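# Descriptive analysis of the structure
These are the residues of each chain, in order.
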Amino acid sequence: MDSSTITLLLNLVYHVLVLSLVALGLGMVFGMLGVMNMAQGEFLTLGAYAMVVAQRMQIAAGWGILMAILVTATLGYLIERWLVRPLQTRPLDTLLATWGLSLLVRKGIEAVFGRQYQNITQQIGGSTQIFSVDYPSYRLALMLAIVCGLLMLCLWYKHSTAGTRLKASVANPVLAQAIGIDVKRQACMAFVCGVACTGLAGALLAPLVRVEPLMGMDYLLGSFFVLVVGGLGSLSGLFAGAGIIGSTQVLVSTMLDQTYGYLAVLTLSIGFLWLRPHGLLSNR
Amino acid sequence: MKRRSFIQNSLALGSLVGADLLLPHLAFAASPVKVGLMIPMSGPAGLFGPSSKNCGELAVAEINARGGLAGRPIELIISDAGVPPAEASQGALKLWKGQQVEAFVGMHDSAVRGALVGVFKGQVPYIYTSTYEGGECSPGTQVLAETPTQQLEPVIPWLSKERKLKNWYLIGNDYNWPRDTNAKAKQYIASAGGKVVGEEYLPFTTDNFDANLAKIKASGADAVLITLVGGASVGFNRAFASFGLADKVTRLGTLIEENTLGGIGMQNAANLYSSSGYFASIDTPAAIDFAKRYGAKFGAQAPALNALAQSVYDGFLLLEAMAKKSGSMDPKKMETAAEGIRFSSPRGDTTMHQRHGKKDIYLAKAEGNGFKVVKVFKQVDAGKNCKA
């Protein structure tokens, strides 16, 4: 294999992994709880701005990541308790309320940090030689971290009691309640984990992407495509969706151009919505 | 802040504002002339709203202190141009017909300019100031914006020689400004003895540039001309550097201003050049004094100066010169007066010819904390913009 093919493959793996990470939060919130959280993208923005704050305070990036998780988890808890739960039986109102919330968060960030782009320095700079090509070190580290994180999550979800309880509450809330599972607490936990996951994604991606108050919107759309194709409610569906969307985009963009890459993703998503509305692997 | 002192401060502030509003009326006997300023206050370009507004206010305050337009003080009215063209022209129409605005200064995209020109039909003076693709020659319209000819004709040969560039890769967002800019760029590259090894246009939604970077690498380009805008430019340039291309390949942009550079980050900006009519770091006495006055009026925390915002200030200077030369606010008389006007601004001297400004162009390199001007091209012509 020549070096450009290896770079292409690395790019492909990177893109699919990042897409999985970004879609994971929405997968928990929308896929499992059925809460269409329009403000999900803003949690990613909040995570990225936690890194901005950490950089301004001149503390280590690790603290920034911790801050991102804490801030988004706390905010997620408050929102679940006072916004999502009261509107539980009114999905359309949830959509509107979380959309309003997304505007509020965006404007709040704008008021505090201004509209300008923020620059976050990579803690791991330069490039590393891998399979005889030079690849950005930060990307490699990020890929490794995502793989480890997702593996741990899969194991926990499959084998732990907490994971089983969560699955039970999602699959049949009434029965789960009847055998003594606190369904409300499970839902709250899933929501908080979902938004904190997105916050974490924002913090990790911040050194690589443009950081500004409106950045979250692109990611909400991308995650939505992943869930449409992969199907709701299962981790395997999420990975399948991220794999298909990510590789379509990368391959078509490389062979033709970016416009066709985007067109292919849109066509694929519309096709799935039309012919296979539940996606490839759905649990719901 | 204690409650009492808050109230006192508010009262003091209120009386200051009151005095500010009253003073012009005391100083001028004549009724004020209303001037509409069309700038993006919302939308993707809304980022430049606050700094543009400040530059407009600074210009108006200074012109009023000098005697206003043809003896009448300016009253500034701002309308949002960061909205779709139809909406922006509605806003302008309200100012013109509803509030009797007598002249417009606009810093916005070309789609809005097209709509405004259609509404005004030469019956009200209109000065367009933001960087654009060239070719505007409608009656009543004066253009201070830099054209691709100005930003590239002298720059490409100079930079090619300086950095020994042969193979150019052109990359931009997919709309008319990048495409028209690159059409010109190809001529200048060819006449400088270089060749174009790739040309690509990306949708605005692109946030992953891996495919493009691979193509640039494979093309053997030693120079990239960037006409990506805003967030796309930030994302592209960051990825460009992380793939280690920055040391080997020279980058030139025609819309990379201070704010975009801030997003790219200096660590990702090795061998990055930008061509523009203004940088906040120009160190001529006029530019330094301008920055000082801006700082004095709006404070140290004010939104930073940049080429787009500063162009609004120049727009008002041209309006002042047109009113002075024609001695009135009559659109026809001002139009005739515009040709040949020469005025000085923080950018240097500008001479109006065929509705466009002939002016100095600065080439800056990203260095230290920001842009450092490496070459000034004196009095660059805007090229042929009128068909007749």
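This is a predicted model, so every value here is computed, not measured. (Residues numbered from 1 in each chain as written. Chains lettered and ligands numbered in written order. Predicted model: local features only at pLDDT ≥ 70, side-chain atom pairs only at ≥ 80, totals over all residues.)

### Some remarks on the overall build of chain A
Note the cut-off: The helix count covers DSSP runs of H or I at least four residues long, the strand count covers runs of E at least two residues long, and both are numbered beginning at the N terminus. Put simply, the radius of gyration uses C-alpha atoms, and a globule should come to 2.2 Å times the residue count raised to 0.38. Exposure criterion: with C-beta atoms placed from backbone coordinates, a residue whose C-beta has 20 or more other C-beta atoms within 10 Å is buried, one with 12 or fewer is exposed, and one in between is partly exposed. Contacts are defined on C-beta atoms placed from the backbone: any two residues whose C-beta positions lie within 7 Å are in contact.
If you tally the helices and strands in chain A, you get 11 helices and 2 strands. Secondary structure of chain A in N-to-C order comes out as α-α-α-α-β-β-α-α-α-α-α-α-α. A compact globule built from 284 residues should have a C-alpha radius of gyration of about 19 Å, and chain A, at 19 Å, falls within 12% of that. With the C-alpha coordinates of chain A rotated into their principal frame, the extents come out at 60 × 45 × 35 Å. In chain A, buried positions account for 47% of the 284 residues. The long-range share in chain A, meaning contacts at least 24 apart out of those at least 6 apart in sequence, stands at 73%.

### Digging into the interface of chain B and chain A
This is how it is decided: Three classes are used, and their members are as follows: Ala, Val, Leu, Ile, Met, Phe, Trp, Tyr, Cys and Pro are nonpolar, Asp, Glu, Lys and Arg are charged, and the others, Gly among them, are polar.
Between chain B and chain A, the residue contacts involve 27 residues of the former and 27 residues of the latter. Looking at the side of chain B that touches chain A, the elements with two or more residues in it are β7 (195–202), α8 (210–219), α9 (230–242) and α10 (258–264) of chain B. Considering every element that reaches the side of chain B that touches chain A, the biggest residue donor is α9(B), with 5 residues. Each residue belonging to the side of chain B that touches chain A can be placed in one class, and the counts come to 8 nonpolar, 14 polar and 5 charged.

### Digging into helix α2 (residues 40–56) of chain A
Put simply, the rule reads: Helices are assigned an expected span. That span is 1.5 Å times one less than the residue count.
Its 17 residues place the ends of α2(A) 25 Å apart at the C-alpha level, agreeing with the 24 Å of an ideal helix rising 1.5 Å per residue. Following α2(A) by one or two positions, A:Gln58 adopts a phi angle in the positive range, close to 55°.

### A look at α9(B)
Residue and element names in this part refer to chain B. The terminal C-alpha atoms of α9, which comprises 13 residues, lie 19 Å apart, in line with the 18 Å expected from a rise of 1.5 Å per residue. Counting buried positions along α9 gives 13 out of 13 residues, so the element sits mostly inside the fold. Phi turns positive one or two residues past the end of α9, at Gly244, with a value near 75°.

### Focus: the nonpolar core
So the rule is basically this: To count as a nonpolar core, a set of buried Ala, Val, Leu, Ile, Met, Phe, Trp, Tyr and Cys residues must be joined through C-beta atoms within 7 Å. Where a domain begins and ends is set by an automatic assignment or by a domain database.
Judged by nonpolar contacts, the single largest core of 181 residues is most densely connected at A:Ala23, A:Ala48, A:Phe191, A:Ala203, A:Val226, B:Val224 and B:Leu319. With 14 residues, helix α1 (residues 3–32) of chain A is the single largest residue contributor to this core. In terms of domain composition, this core takes at least three residues from each of domain 1 (33–146 + 283–353) and domain 2 (149–276) of chain B.

### Section: the environment of B:Leu245
Secondary-structure assignment places B:Leu245 in the loop between α9 and β9 (250–253). For B:Leu245, a count of 19 C-beta atoms within 10 Å translates into the label partly exposed.

### Some remarks on the domain arrangement of chain B
Accessible area lost upon the coming together of the parts serves often as the stated size of an interface. Per the domain assignment, the segments of chain B are domain 1 (33–146 + 283–353) and domain 2 (149–276). A per-class count over the side of domain 1 of chain B that touches domain 2 of chain B returns 6 nonpolar, 4 polar and 2 charged.

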